[in-house]
Amino acid sequence: MPAISLPPVPYDATAVRPDWAALPAGLRDAVAARLGGPPVAVRVAGAGFTRGFAAVLATADGTRAFLKAASLTEQRHLVDWYGHEAAVLARLPAGLPVPRPRWALAEAGWYALCLDAVDGAPPRLPWDPTELAATLAAYADVAAALADPPPELVGLGLPRLADLARDDILWWGEVAAGREPTPELPPWARARLPELVALESRLPAYADAAATGLIHCDLRVDNVLIDTAGRAWICDWNWLCHGPAWFDLAGLLITGYASGLDADAAFATHPAAAGAPPDALDVTLAALSGYFLTSAAASPSSASPHIRAHQRWSGEQALGWLAARRTWG
């Protein structure tokens, strides 16, 4: 088993968000009217890598709701993400462990999306095996439901993982061609660059072959909540796309590998990996390691001061897992 490696910043403390009092008074009044009263308790979400408002609000009568909000002028990309997520959540099959939308409104130059609140917290790292098992079970349900997605979801015109890979995920080929700076790598990894290019280049064809199903496409530990009963909930559905469920599974299990757990066995025995190409895990780890490591070398982000450290650590863990599987190093 690998040595345990923890992220440089806990995933429940990566976000920089405004508090409730910083929101425009008109927006706060409109939200309070929809909730039936002003919140008496506000728990701002510490997880995530955006500057949008996100918090669990509780009113005096016990009503609880999760609210996301962003400026229509200064954070238009977040507004678009939240609106898209609301459309996705409203169309996901019933019974899945995902928060459901309640309402949305625009007021005082801001957009707000209200979701059901999950009474839970992000999984702990290193992963508790029980929490990881609950998360893998939740994703098994999601993957099964989205293998043959309902027409109302498909009708949203969702992107394809194959296209996303070609446009924004595959970077080792760019590094090898000299079009992208080489990220900081150990000497053995530099020597493996041709193999990394060959592996990642298979992802688009693999994704195209499984493009009838839908995947979350951003399944990470900080997009999961474990409720008080121990059930896992999968959140943040901005990037739903056509692709194979094993891609989500591999991305999630990077933190399982970093937690010293048998991530290989967890991948191989999960229903989402059924029918995957024999090298699907290696192909995904190669692609994600290049994506994360080249992203980490970019200039500091205005979204979160911690995102580059997250990308660096994630890329190192993906590359380390791939190296262990291929006995590199």
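Residues numbered from 1 in each chain as written. Predicted model: local features only at pLDDT ≥ 70, side-chain atom pairs only at ≥ 80, totals over all residues. Heavy atoms only, no water.

J.: How would you summarise helix H8 (residues 193-200) if you had to cite specific residues and measurements?
T.: What H8 keeps buried is the set Leu193, Leu196, Leu199 and Glu200. Burial along H8 is one-sided: seen end-on, the buried residues are contained in an arc of 125°. Contacts made by the buried residues of H8 are with helix H6 (172-176), helix H7 (187-191), helix H9 (203-209), helix H12 (280-296) and helix H13 (307-326). (Buried < 20%, exposed > 50% of the residue type's maximum accessible area, 1.4 Å probe, protein only. Helix = DSSP H or I, 4+ residues; strand = E, 2+ residues; numbered from the N terminus. Arc of directions from axis to C-beta. Contact = heavy atoms within 4.5 Å.)

J.: An account of the nonpolar core is needed here, citing residue identities and associated values.
T.: Generally speaking, nonpolar side chains in soluble globular proteins are found buried as a group. Tyr139, Trp237, Phe247 and Leu253 are the most contacted members of the largest nonpolar core, which has 88 residues in total. Looking at this core, the element that brings in the most residues is helix H10 (residues 245-258), giving ten residues. Not counting residues up to four positions away in its chain, the partners in contact with Trp237 are His84, Glu85, Val88, Leu89, Leu92, Val98, Val142, Leu146 and His216. In terms of nonpolar packing, the next biggest core, distinct from the first, is built from 17 residues, Leu23, Leu27, Leu105 and Trp110 among them. (Core = buried A, V, L, I, M, F, W, Y, C linked by side-chain atoms within 4.5 Å.)

J.: Report on the packing of aromatic side chains, specifying residues and quantitative values.
T.: The tally for this structure, following the rule as stated, stands at eight aromatic pairs. Plain terms: the ring middles of Tyr257 and Trp321 are 5.7 Å apart, the flat faces sit at 10° to each other, and that makes the pair stacked. Here Trp321 lies in helix H13 and Tyr257 lies in helix H10, a separation of 64 residues in the sequence. Within the aromatic cluster, the residues linked to one another by ring pairs are Tyr11, Phe49 and Trp313. Of note, Arg231 hangs over the ring of Trp233, and the distance from its end group to the ring centre comes to 4.9 Å. (Phe/Tyr/Trp six-rings, centres within 6.5 Å; stacked < 30°, edge-to-face > 60°. Lys NZ or Arg CZ within 6 Å of the ring centre and 35° of its normal.)

J.: Before we move on, can you summarise the sheet that holds strand E6 (residues 120-121) with the specific residues and values?
T.: Spatial strand order, E6-E8-E9: three strands in an open sheet with antiparallel pairing. Each edge of the open sheet carries a strand with a single partner, namely E6 and strand E9 (232-234). Bridge count between strand E8 (residues 224-227) and E9: three bridges; the pairing is antiparallel. Of the residues in E9, the one forming a bridge with Val224 is Ile234. This element, helix H3 (residues 129-146), spans E8 and E9 of the sheet and lies at about 50° to E9. (Pairing = 2+ DSSP bridges. Axes fitted to C-alpha atoms, helices over the stretch in contact; angles between N-to-C directions.)

J.: Mind laying out the sheet that holds strand E4 (residues 101-107), listing which residues take part and the relevant values?
T.: Pairing is antiparallel in the open sheet, where five strands are placed in the order E1-E2-E3-E5-E4. The sheet terminates laterally at strand E1 (39-44) and E4, the two strands that pair on one side only. On average, each strand axis in the sheet is tilted by 25° relative to the strand beside it, whichever way the strands run. Judged from the six bridges that link them, strand E2 (residues 53-59) and strand E3 (residues 64-71) form a sheet pairing that is antiparallel. Residue pairing in the sheet places Ala58 in a bridge with Arg64 of E3.

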